[in-house]
Amino acid sequence: MSLKYRSDIDGLRTLAVMPVIFYHAGMTLFSGGYVGVDIFFVISGYLITSIIVKELDAGNFTISNFYVRRVKRIFPALYFLLAFTFILSFFSLMPSHFESFGKSIVSTVLFSSNILFWRESGYFDTQAETKPLLHTWSLGVEEQFYIFFPVMLMLIARYGSKKYVRYALALFIASFILCIWGTKTHPEAAFYLIPFRTWELMLGALIALKFFPRTEKPLYTNIMSIAGIALLSISIFTFETDTPFPGYAALLPCVGTALIIMSQGSVINNILSLRPVVWVGLLSYSLYLWHWPLFALRNYWESIHIPEFWKSDAFLIFLTFAFASFSYYIVEKPLRVKKIENKKVFFRATYAVMALGCILGGYVALHKGLPDRIPPQAAAYAKTEKSAFETPECFSKDASKLTLNGLCIMGDKTKAPSFILWGDSHALVLADGFDAYGKEKGISGILAAKAACAPLQGVTRTTKPATFRCIEYNDRVLELIQQSPVKNVLINARWQDASVGSAPHFFIKDSETVKSSPEENPKVFERGLERTMQKLAGKNVYFVMDSPDFPYDIPRELAKLTVLQKYLPSLAEDSNVGIKKDEYEESNEKVREIVANLSEHYKFSIIELADGLCPEGECIGEKDGKALYMDDNHLSRAGSVEAVRGIGTLISKMASQ
């Protein structure tokens, strides 16, 4: 029993998919375009519930029929995309990234990519914009919904006297409360995982179950639809990447969507029913599938020397529509309307395709991204080890568990520590260089490092402060430093972000901050650094200027350049993995200004890491066949050793004091 077709729902899908595409294209006007996914969730909840309940009430609902429809709707276009993207990635991605892609293939096939990307959303996962299947996290949420929700409704129909609304409302309330809590305390989980997103699907379900009062009066439906469009517009055009989300903010796009769904017959809904709008909505699933792999692979190869038009957002949007149209008319639509004569054969074929996807993705993941695909030197560049100190014992400890004897030692552990290195992840990776130099020279030091926590007392990030708990951590480190007999303290962090918020929408705040902004960030940095220096009175303090940031992932660029030089040398001409030292100096100008002013009063020293990383006016990303960075800003082990060697005289001097 089919549901009566509503063309305005397809029009609403257009309002969902186009902001997502424009947002991923980097159009600042659509800064909140990511809410298109939430629009899809509400629509899915509404349609799936409507179909299932109608069939349950008619007594002809079966799980097998439901999954036949879902497979026909989802699998053809998805697996066509996976096959195409696999081929492109095989020839495009370097081993570590292809290995990650293999994992994402398996998780997508097993309806769990949202779980994979949640687990990969840690501090060092800076490559999200180049993951071709990142967008399938939302499919994971919906597919998990398709697994538990039909069974729940069947049980209600059998044992609960068909009290669907009561259970749907209970799920809505429980999930929404969990979402509010999770957005504050576990933001990555709240974004990716279904328990925190179920309320959005249940909102659509409650509409289908007629929980909300309905009206067909034109005045009311027009008011509702206008209000819905207003809420969607506020979400799409004013939300930012640092908007706490989903949380309370997700109410705007979800309620806006709900109002439009309930406003059938309004002027707005009639506009959404216009043929051009509906056409885009019909393509929406394929558009969503195809847009992100194209953008991600473009981002991955953005530095390649080809005419800018072929890398432009406009051309990629055109390609998205071209691929989506082919996918819809040639793959998706014909198979969706095809009648299934033998369900057993159908499901066996489905399982076989899923198994093939798992085998291919698993093979790539287990074989480390097939490094034999590329020249040996490219594979060597692409393979960078994480810091030896990136362990639970050394990095990101809970403040309550920090003890002086529990902090990790760098260098020669038979020697008494002569210095303390304190900072964020940039201090962590610097520890590898101190460790190697210390073992060579018979020197040791103590490491205190926590992700995203610059050593600025009373200062925390505006994004995810509850996750990192920087203030508590830094207060405890200061206590331990004051208790320690060690006189020399080095502080290091990604100062550029801490001082001016150079990363998009990255700000810091303290108790004096009224409103975070690019203008306020340097003031917060200066206040925090001054408080730190006050607490370190009596110590020999060394402010370590940070290593240069690069506009691209260094190992990836070195590997790509090596591949191009072998197979397409014309595209590798004039390529250089490095930046001018003047660029580094200019980007850190504000840091230097603040630090110079404070150093006159608090008499601390300034150490230049760039002395070992920027010879002859050029900041390099490679030396002796080794990448000096593990991404675009964190030093590799080789880079850390190079940087510390450049300030080795100072370290030796500390040990002799």
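Now for a look at the structure at hand. Just so you know, these numbers come straight off a predicted model, no measurement behind them. (Residues numbered from 1 in each chain as written. Predicted model: local features only at pLDDT ≥ 70, side-chain atom pairs only at ≥ 80, totals over all residues. Heavy atoms only, no water.)

## Regarding the nonpolar core
Counting residues in hydrophobic clusters, the biggest one holds 210 residues, and the most contacted among them are L421, F434, L490, F525 and F543. A per-element tally of this core places helix α2 (residues 36-58) first, with 12 residues. With residues near it in sequence (within four places) discarded, F434 still touches M410, G411, F419, L421, L490, V644, I647 and I651. (Core = buried A, V, L, I, M, F, W, Y, C linked by side-chain atoms within 4.5 Å. Buried < 20%, exposed > 50% of the residue type's maximum accessible area, 1.4 Å probe, protein only. Helix = DSSP H or I, 4+ residues; strand = E, 2+ residues; numbered from the N terminus. Contact = heavy atoms within 4.5 Å.)

## Quick look at the state of the cysteines
Applying the stated criterion across every chain yields a total of 3 disulfides. In this model C394 forms its disulfide with C408; the gap between the sulfur atoms is 2.0 Å. Handedness here is read from the sign of the S-S torsion; for C394 and C408, about -90 degrees, the answer is left-handed. Here C408 lies in strand β1 (residues 408-411) and C394 lies in the loop between α17 (376-382) and β1, a separation of 14 residues in the sequence. In this pair, the class of C394 matches that of C408, namely buried. Here C453 connects covalently by a disulfide to C470, the sulfurs 2.0 Å from one another. What sets the handedness of the C453 and C470 disulfide is the S-S torsion sign, and at about -80 degrees it is left-handed. Here C470 lies in helix α20 (residues 470-483) and C453 lies in the loop between β3 (444-449) and β4 (460-461), a separation of 17 residues in the sequence. Residue C453 shares its accessibility class with C470, and that shared class is buried. C179 forms no disulfide, and the closest cysteine sulfur to it belongs to C254, at a distance of 8.8 Å. (Disulfide = S-S within 2.5 Å.)

## Let's talk about a nonpolar patch on the surface
A contiguous nonpolar surface patch, about 390 Å² in accessible area, is contributed by W279, F326, Y329 and I330. No other element matches helix α15 (residues 313-337), which puts 3 residues into the nonpolar patch. Considering the arrangement of structural elements, one finds Y329 in helix α15. (Patch = residues over 30% accessible without salt bridge, like charges linked within 9 Å, V, L, I, M, F, W, Y side chains within 5 Å. Areas by Shrake-Rupley, 256 points an atom, 1.4 Å probe, with all protein chains shown as cover. Salt bridge = Lys/Arg side-chain N within 4 Å of Asp/Glu carboxyl O.)

## Overview of a negative patch on the surface
On the surface, D582, E583, E586 and E589 cluster together into a patch of negative charge. Looking at the negative patch, the element that brings in the most residues is helix α24 (residues 581-587), giving 3 residues. One can find D582 in helix α24. (Lys, Arg positive; Asp, Glu negative; His and termini not counted. Charge placed at Lys NZ, Arg CZ, Asp CG, Glu CD.)

## Regarding helix α28 (residues 648-656)
Considered for burial, the residues of α28 that qualify are G648, I651 and M654. Relative to the axis of α28, the buried residues are bounded by an arc of 115 degrees and lie together on one face. α28 presents T649, K653 and S656 as exposed residues on the side facing more than 90 degrees away from its buried surface. Buried residues along α28 sit against β2 (419-423), α18 (425-441), β5 (488-492), β7 (540-545) and α27 (637-646). (Arc of directions from axis to C-beta.)

## Structural notes on the side chain of S284
Relative to the elements of secondary structure, S284 occurs in helix α14 (residues 284-300). Among residues more than four places away in sequence, those in contact with S284 are R13, V17 and F40.

## Structural notes on the pairing of β2
Summarising burial for β2: 5 of the 5 residues are buried, a large majority. Burial along β2 is two-sided: the face carrying F419, L421 and G423 and the face carrying I420 and W422 are both buried. As paired elements, β2 and β3 share 5 bridges and run parallel to each other. Along β3, the bridge assignment pairs I420 with I446. Chirality of the crossover, the property in question, places the unit of β2, α18 and β3 among those that are right-handed. (Pairing = 2+ DSSP bridges. Right-handed = clockwise from strand over helix to strand, strands pointing away.)

## Here we look at the packing of helix α3 (residues 63-92) against helix α4 (residues 95-109)
Where α3 contacts α4, the two axes come as close as 11 Å, and the packing angle between them is 170 degrees. In this view, α3 runs roughly antiparallel relative to α4, as classed from their interaxial angle. Each of L78, Y79, L82, T85, F86, S89 and F90 in α3 lies in contact with α4, whose residues at this interface are F98, F101, I105, T108 and V109. (Axes fitted to C-alpha atoms, helices over the stretch in contact; angles between N-to-C directions. Parallel < 35°, antiparallel > 145°, perpendicular 65-115°, else oblique.)

## Examining the environment of I63
Relative to the assigned elements, I63 resides in helix α3. Judged by its relative accessible area of 26%, I63 falls in the partly exposed class. Remark: the alpha-carbon pair of I63 and M154, spanning 91 residues in sequence, is separated by 9.1 Å. Not counting chain neighbours up to four residues away, the residues in contact with I63 comprise P150, V151 and M154.

## What to know about the pattern of salt bridges
Across all of its chains, the model carries 29 salt bridges by this definition. A salt bridge links R645 to E642; the nearest nitrogen and oxygen atoms lie 3.3 Å apart. Of this pair, R645 and E642 both sit in helix α27, 3 residues apart, roughly one helical turn. Classification of E642 by relative accessible area gives buried; the value is 14%. If you follow the salt bridges from partner to partner, you end up with D510, E512, E520, R527 and R531 in one network.

## Quick look at the sheet that holds β7
Strand order in the open sheet formed by 6 strands is β1-β3-β2-β5-β7-β9, and the pairing between neighbours is mixed. The open sheet has two free edges, formed respectively by β1 and β9 (605-608), since each of these has just one partner strand. Between one strand and the next, the sheet's axes are offset by a mean angle of 30 degrees, whatever the strand orientation. In the sheet, β1 pairs with β3 via 4 bridges, with the strands oriented antiparallel. Bridge pairing in β3 places M410 opposite G445. Seen against the sheet, α18 touches β1, β2, β3, β5 and β7 and runs at an angle of roughly 50 degrees to β1. Strands β2, β3 and β5 of the sheet are contacted by α20, whose axis makes an angle of about 170 degrees with β2.

## Thoughts on the packing of aromatic side chains
Summed over the entire model, instances satisfying the criterion amount to 49 aromatic pairs. Consider the rings of F145 and F148, whose centres lie 5.9 Å apart with planes at 80 degrees: the pair is edge-to-face. Here F148 and F145 lie together in helix α6 (residues 137-159), a separation of 3 residues that amounts to about one turn. With a relative accessible area of 0%, F145 lands in the buried category. Given the relative accessible area of 30%, F148 is considered partly exposed. Look at Y328 and Y329: their rings are 4.9 Å apart centre to centre, the planes differ by 80 degrees, and that puts the pair in the edge-to-face class. In this structure Y328 comes out as buried when scored by relative accessible area, which is 5%. The structure contains a cluster of three or more aromatic residues connected by ring pairs, namely F61, F66, Y67, F145, Y146, F148 and F149. Just above the ring of F191 sits the side chain of R197; from NZ or CZ to the centre is 4.9 Å. Looking at R556, its charged tip hangs above the ring of Y300, at a distance of 4.8 Å from the centre. (Phe/Tyr/Trp six-rings, centres within 6.5 Å; stacked < 30°, edge-to-face > 60°. Lys NZ or Arg CZ within 6 Å of the ring centre and 35° of its normal.)

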